Each structure stands twice: as structure tokens, then as C-alpha cells.
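Below, each chain spelled out in residue letters.
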Amino acid sequence: MTTPILEQSYGYGFVLGIGAAFALLMSLITRVLSKYLGQVQNSERFTTASRSVGSGLIASSTVSAWTWPATLLSSGAWSYAHGVSGGFLYGVGGTIQVTLFVFVCLQIKSRAPAAHTVSECFSVRFGPVGHWVFLCYVFATNVLISSLLLLGGSQGFSATTGMNVVAASFLLPLGVMVYTALGGLKATFISDWIHTVIIYIILLVASYKIYCSSPLIGSPGKMYDLLQEAQIAFPSATGQSYLSYRDSTMLMLTWTVCLGGLSSVFGDPGYSQRAIASSSTQVFQGYTLGALCWAVIPTVIGSSAGLACRALLSSPHSPTYPNELSTEEVNNGLPVIYGLYAVMGKSGAAAGLIMLFMSVTSASSAELIAFSSVTTYDVYRTYINPKASGAQLVRAAHIAVVGFSLFMAVLSVVFNYVGVTVGWLLTFSGIIVNPSVFTVVITLFWSKMTRLALVIGAPLGTLSGVLCWIAGAYCFGNNVVDKDTLNITKATFIGNCTALFSTPLYIVLVSLLKPDPEPFDMNKFCTSITLADDMDAEEEHAAELPANEQKKLRSHIWAAAVINIVLVLGVYVVLPLGLYGSNHDLSKASFTGFIVVVLMWLLVAAMYIILFPLWQGRHSIKVLLQVLLGRGSADGTSSVEVVQLQQEQKS
Ligand SMILES: NC(N)=O
């Protein structure tokens, strides 16, 4: 049993205090937007934020939705266990999912500009049966990712503060539930930005403290020396050096999390919802820069707090001095919190806890609003009440947010009691939901895919993944299949790969063997999906796609192709394999160069995420300030003027 390094009051204080503060702040912002910017909370705005969000807010909300507790805790644990490669490879492993998803975003904006969710496209194309097959994947992804978030958060809070894990599971989503239900997607975007700003500020302070001013470390050179000493005093379990990239387990783990993570983006309605909410010409920039800004978070946290925890094990400042962390502590993701504690004392551990809180709540709000949009538009409006008014849709969305929050809290408690860990969920989820990746891509891009191919191909992909995973566990686990052997990295890697890559084979094969008489007319995505009856002028305008924007979207597809090719070849193939191939430790100069690049990358990413949304929103902020200071009238900022403001921002 881990001894908590902070008192329970920190746990309850942060969860209740910051949770309530956010709920109040977001309710206030929603009221102000409604009263002074004419942004009344109708169903279109609740679900799509009027399809006019700028690239800065899209980038910050992508960072926020993709920064899970696992991003912070697992990257630190990887660095603690494997050394310098850990945080960097976690960052590398999580970037390509978002940059590849840009193709899907551009296709949705171009083909289905009035869509509320990507699954509406499945309803239009394949009818109810195909729609429900895809919805099963959507709900499974939603549930698995939300469990990952709440489980990581509640276990982290409980291990650090001794807070009751059941209380943490129910209290963590409480504030999020309130502001998501009241504010809808727009409030989520604003809260995402605030959450992300707080995470970057803590990261900047912590990493610069560790590498520039801490008396215990204070420079990359000192960290290098301490890691060399740790190598002798506490050698790694795999026998690999903490200063080398030559670690096959680490590379395999990276690829497993990378392939499994594809479905966390492609199959999770939260990411397509951000694309839908985005202004069509800004979706490319928002997602691409969001991915690059996200990648620095695990890289920095692993390379600073994770390595500091390892480097300071021989110092009395380490919470476990004179011992290493126990396996339980590493599995609970504690190296990050302990590393911050060793360098900055209780305030460091508290800062780590605040980052953890931010990562749970902002990513959870993305899951909540995504779930509510799918249940509202794909289930309620499609199958229960096709003539639902805007008010009825908003009510359905509210019920979905509250119901899903309670369901997730209960599930998190169950997972805690049966011993499911974040690491296990991280590697397992892709085996189940990876078929959604190519299902979405082929549905949006290939007109010859048939309904039969979807209904057979996706479930068969899951089945193949599960069978190969179990077979892998049997082979690599000395002919035993149990909870431990099913967690062998090679077995989960095989399961993830099979589920991902077998599905397109099945889909193409079935579509070609039993083709439809006519290929699907892709224009139907545009003509068959309608806005709700409570749309206003701003929303109607945003759902149209003039020819010049179509042209811009096509040029963005080419730019996305170039970026992805460079990333795949450079960052995924040449760099890791080159580093893996060099069979010796980094020199002190190379390590220092690596840390300097990472710290500069963090600074640039933080400035972009913090300042660019403010710059893009400067017209709205000015109008709002004028009204609040009594220099304009509340009704003087109608929706039409907001459209004009956005036109100004686009140009
Ligand atoms: N979002 C991830 N993969 O940490």
C-alpha cells in the first residue's frame, strides 16, 4: 500500500474547490455570451458551437482532449523506468493519430458541412443497420476512453493524497457535468483553453525549475551525471541504460499505444465534433498545430519530472529514499508527482495534482459533450423523435450529459475494485475499437463500400484482433492465458495491429465480391443532413461552403499529406530507428542539446496555445468589454454582427 505524500485535504480541496470554481466560471461565461454576444443556447450551438470556432481554440481543445491523465502519468512512468527515451517516445506515439485525422476533418467539412456528428454520415449512407454497427464502436470508444480518464484521475488522486477512490470517481466529474450541461460545446472550448493554459504554465515552471534553477539538478549536465549514477545504484529492469534509446520493449510499447490510439481519435466522436465545430478554413491549422503542441507535453513531463524522480532516488528529498519506487507506485503513475515533490517539495506535488485534475476534467468534458451529441442526434432525433424541436434536443442533450457522468463514475468504481489499471486499458482498448479507424476513412472516401462490408468487416476485425491477442498471450506467456500474460506487450501489439489492418481488407474484399448496383453518391452527405429548426443566421451561414472555401480545403489536403509523410518517415521511422541503432549512450552534449530543444519547443507551444486564441478572439473580446463597460448596448451585438466579426477574423 502506497503512503500518500499529501494530506487528504489537498485531494478533496482540489476536486471540490477547483471543480466548483470552474462550474461557476463556465456558467457565468455562458450567460455573458448569451446576453451580450447574442449567442443564445439553441441546439445547434450546444452541439456544434455554431461551426465557427477559430484554429487557436481548436488547437487548444485538441491538446486538452488528447491530454489524458495517462499522458502525464504514463509518460513520466516510462521515463522513470526506461530513461530518456520514455517521454519522447510517448509523445511520438501519440502525435500521428491527430495529424492523420486531419484528412477525415477536411473531408467532413467538405462533404458534410451540416453534420452534427460523423455517425450521421453512416446513417445517411448505410441506413439503420450500418448506423447501429458504427454507433456500437462510437459508444465503446466513448466508454473506454472515459474510463481511462476517470480511472487514471481517481487512482492518481487516491495514491497521492489518500482520498477515497470511490469519492474521487464521483466528485471528479461533478463540476464538469454541471458546466458541460449548462454551456454545451462552446463552454467546453473556453474551459479547454483555460485548462490547457494552466497545464502549460505548470509545465513551464516545473521544467525550467528542474533544468535551470533547482539546487538539486539545475542543468541538463547535472541531470546527465545523476542518471549515470542512478544507472549504477538502481539499474533498469530491462538492463538498458537510462541514457540510451536502445530499448526494444519501449519501441514495441510505443507502437502498441500508437496503433491503439488511432481509434481513440478516429472512433471517438469528440474529435470529429471539434472538426465540425471548426470554421472550415481553420480546421487544418487547428488540428495540425494542436498535435504538435500536444506532443511536447509528454516529452517534457517525462524528460523533467519522470527523469528527476529517477535521478534523485539517492537524495533524501526523494519521497521513497533510500529505495526505488515500488511496482505499485510506478503502475499508479507516481514518478511524475514524486519527481516534482523531490525538486519542489509539497508545492511541486500539489502542482502535479492540479495538472492531473485539469487533464481529467477537460478530457472528460470532451467525452461528455460528444456522447450527448451522438445520443441526441443519432439516437433521439433519428429513431425516437425525428420531428424534435430545438428545445427538445437541448433537453435530450442535458439528460445525456448527466446520465453518462453517473454511468462513468459507477464504471470507474467497478474497474477500481476488479483491479483494472490505466496501462491495461491503454493497450487493450485498441484491440476492441480499432476497426472504427478504417471504417470511418473508407466510408467518407470510397463510394463503392457497401453496407454488407461494414456489417461484416468491422466486427470481424474486432474478432480477429481478440483471437490474435489471446493467441499471442498463449505463445509468449508459456502456454498460459491469464490477466498477466494478456498484458504482455508483444501480445497486445499483435492484437492491436490485427484489429486495425484486417478491417480494411475485409471491407474492400466484401465490397468487391458483392458490390452495390450503383456506387454511393457522396453528395448525399451534404443534401441529406439538415440543421435543427432553432438555427440562427450565424449557424445557417456557417453550414454553407462557398467555392473558395472548397478550394482551400483541397489545398489543405495536400499540405496534410506532406506533413504526414514527413512525420511518418522522419519522426516514426528514421529518428527512432536511428536512435535505437546507435548502440551507446547519448553523450552529455547530445543530452543537453535534446533538453534545450525540448524546452524551447515547450515555450513556443505554450505561447501559441495561450496567446493565439486571444488574438483570434480580439474582436469579440473588444465588443464584450465595450458592452460590459457600458459603452455599447447589449442588443447591439446581434448574431449577424458576430458573423461579420468572424468574417474579419477569417480574412
Ligand atoms: N492521449 C494519449 N495517448 O495520451
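Right, let's walk through the structure included here. Quantities reported herein were computed from a predicted structural model and do not represent experimental measurements.

### Observations regarding empty space enclosed by the protein
Per the stated rule, a full pass over the model turns up 7 cavities of 30 Å³ or more. The volume enclosed by the largest cavity comes to roughly 130 Å³. Lining the largest cavity are 15 residues, with W66, W68, Y90, V257 and L426 sitting closest to its centre. Elements that contribute at least two residues to the lining of the largest cavity include exactly α5 (85–93), α10 (248–266) and α16 (422–433). At 4 residues, α10 tops the list of elements feeding residues into the lining of the largest cavity. For the lining of the largest cavity, the class distribution of residues is 7 nonpolar, 8 polar and no charged.

### What to know about the nonpolar core
Judged by nonpolar contacts, the single largest core of 189 residues is most densely connected at W68, F157, Y200, M223, Y287 and F591. Sort the elements by how many residues they give to this core and helix α14 (residues 334–384) lands first, with 23 residues. Contact partners of Y287, with chain neighbours within four places excluded, come to I58, T62, V98, F101, V102, C105, Y271, R274 and A275. Ranked by size, the runner-up nonpolar core spans 5 residues in total, among them Y377, Y380, L393 and A396.

### Digging into the environment of V300
Note that V300 resides in helix α12 (residues 283–311). Sequence separation between V300 and F88 is 212 residues, and the spatial gap between their C-alpha atoms is 7.8 Å. Dropping the residues within four chain positions of it, V300 is found in contact with L203, S207, A305, V598 and L602.

### A short note on the environment of L614
Secondary-structure assignment places L614 in helix α23 (residues 588–616). In this structure L614 comes out as partly exposed when scored by relative accessible area, which is 37%. Separated by 458 residues in the primary sequence, L614 and G156 have C-alpha atoms spaced 32 Å apart. Residue contacts for L614: discarding those within four places in its chain leaves W193 and I621.

### Thoughts on helix α6 (residues 96–111)
Compared with the 22 Å implied by 1.5 Å per residue over 16 residues, the 23 Å span of α6 between its first and last C-alpha is a close match. Along α6, the helix axis deviates most sharply at V102, where the bend reaches about 25°. With 14 of its 16 residues buried, α6 lies for the most part within the structure.

### Focus: the pattern of salt bridges
A pair can form between side chains of opposite charge whenever their charged atoms are brought close. Applying the stated criterion across every chain yields a total of 5 salt bridges. The shortest N-O distance in the salt bridge between K588 and D225 comes to 3.1 Å. With K588 in helix α23 and D225 in helix α9 (residues 220–233), this pair connects stretches of sequence that are 363 residues apart. We classify K588 as partly exposed; its relative accessible area is 37%. Across the pair R310 and E324 runs a salt bridge whose closest N-O atoms are separated by 3.0 Å. One end of the pair, R310, is in helix α12; the other, E324, is in the loop between α12 and α13 (327–331), with 14 residues separating them in the sequence.

The rules behind the values
- Residues numbered from 1 in each chain as written.
- Predicted model: local features only at pLDDT ≥ 70, side-chain atom pairs only at ≥ 80, totals over all residues.
- Heavy atoms only, no water.
- 1 Å grid on protein atoms, 1.4 Å probe; cavity = no way out; pocket = protein on both sides within 12 Å on 5 of 7 lines; lining within 4 Å.
- Points joined across faces, edges and corners; volume = space filled by probe spheres on them.
- Helix = DSSP H or I, 4+ residues; strand = E, 2+ residues; numbered from the N terminus.
- Nonpolar A, V, L, I, M, F, W, Y, C, P; charged D, E, K, R; others polar.
- Core = buried A, V, L, I, M, F, W, Y, C linked by side-chain atoms within 4.5 Å.
- Buried < 20%, exposed > 50% of the residue type's maximum accessible area, 1.4 Å probe, protein only.
- Contact = heavy atoms within 4.5 Å.
- Expected span 1.5 Å × (residues − 1).
- Bend = angle between axes of the 7 residues up to and from the residue.
- Salt bridge = Lys/Arg side-chain N within 4 Å of Asp/Glu carboxyl O.

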